[in-house]
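Listed here are the chains, written in short residue letters.
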Amino acid sequence: MPASLCGTWDMVSNVNLEGYMMALGISACVRKIAVKLKLRKVIEQQGDQYIAKTLSIFKNYTVCFGVGEEFAEFTKGLDNRHIKALVKWEGNKLVCEQIGEKKNRGWAHWIEEDKLHLELYCEGEVCKQVFKKNALA
Ligand code: VL7
């Protein structure tokens, strides 16, 4: 059983969000704001059902999914695309494949040294984010 992803996590590093947003076709003015954000990730779990919230002073984004169940995702407020998504455990990584207009799109979450790691993929670009647990939030 992999370490729990649940909790409130605050961003400590963010590498190549710019490249990831470029691959998604995000406008230059939104990218300029987005790269400066300190994101918070709140992950809740009930059985195999997850809620992942990405919070910031600019925008919030929430996705709900069941592990192993394909679902329709609308990336509202991000790139505003309708995609099909499927989340699975691959070893200790919670991996999401996002099928749609953009190729090789998805993300992976895992725990390493008490930190929450996230890689966001799109068309060959990889954004790497690390979050530390906020026990007070
Ligand atoms: C979603 C940034 C960049 C558009 C607004 C700035 C960002 C934050 O997909 C994500 O997380 C997964 C895994 O935890 C669960 O949904 C990351 C945010 C990353 C996306 C695109 C810039 C617009 C505001 C909500």
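Note that the structure is a prediction, hence the values are computed from the model and not measured. (Residues numbered from 1 in each chain as written. Predicted model: local features only at pLDDT ≥ 70, side-chain atom pairs only at ≥ 80, totals over all residues. Heavy atoms only, no water.)

Asks: How would you explain the environment of M21 if you had to name every residue and give the values?
Replies: Mapped onto the elements of the fold, M21 is located in helix α1 (residues 17-24). Classification of M21 as buried rests on a relative accessible area of 7%. For the pair formed by M21 and A34, sequence separation is 13 residues and the distance between their alpha carbons is 9.0 Å. The residues touching M21, leaving out its near neighbours within four places in the chain, are I26, R31, A34 and V35. (Helix = DSSP H or I, 4+ residues; strand = E, 2+ residues; numbered from the N terminus. Buried < 20%, exposed > 50% of the residue type's maximum accessible area, 1.4 Å probe, protein only. Contact = heavy atoms within 4.5 Å.)

Asks: Quick rundown of the pairing of strand β8 (residues 106-112)? Include the residues and the values.
Replies: As a general feature of sheets, a regular strand has side chains that alternate between the two faces. Among the 7 residues that make up β8, 6 are buried, leaving the element largely enclosed by the rest of the structure. Strand direction decides the pairing type here: strand β7 (residues 93-99) and β8, joined by 4 bridges, are antiparallel. The residue of β8 that forms the bridge with V95 is A108. Between β7 and β8, which pair antiparallel in sequence order, lie 6 residues; one of them, N104, sits at a positive phi of approximately 45°. As consecutive antiparallel partners, β8 and strand β9 (residues 115-122) are separated by 2 residues, and within that stretch E113 has a phi angle of approximately 50°, a positive value. (Pairing = 2+ DSSP bridges.)

Asks: Break down the nonpolar core for me, with residues and values.
Replies: Counting 32 residues, the largest nonpolar core has Y20, F65, V87, L94, W107, L116 and F131 as its most contacted members. Once you skip the residues sitting within four places of it in the chain, F131 turns out to touch W9, D10, M11, V12, L39, K41, K115, L116 and L118. (Core = buried A, V, L, I, M, F, W, Y, C linked by side-chain atoms within 4.5 Å.)

No statement about biological role is implied by the geometric values presented.
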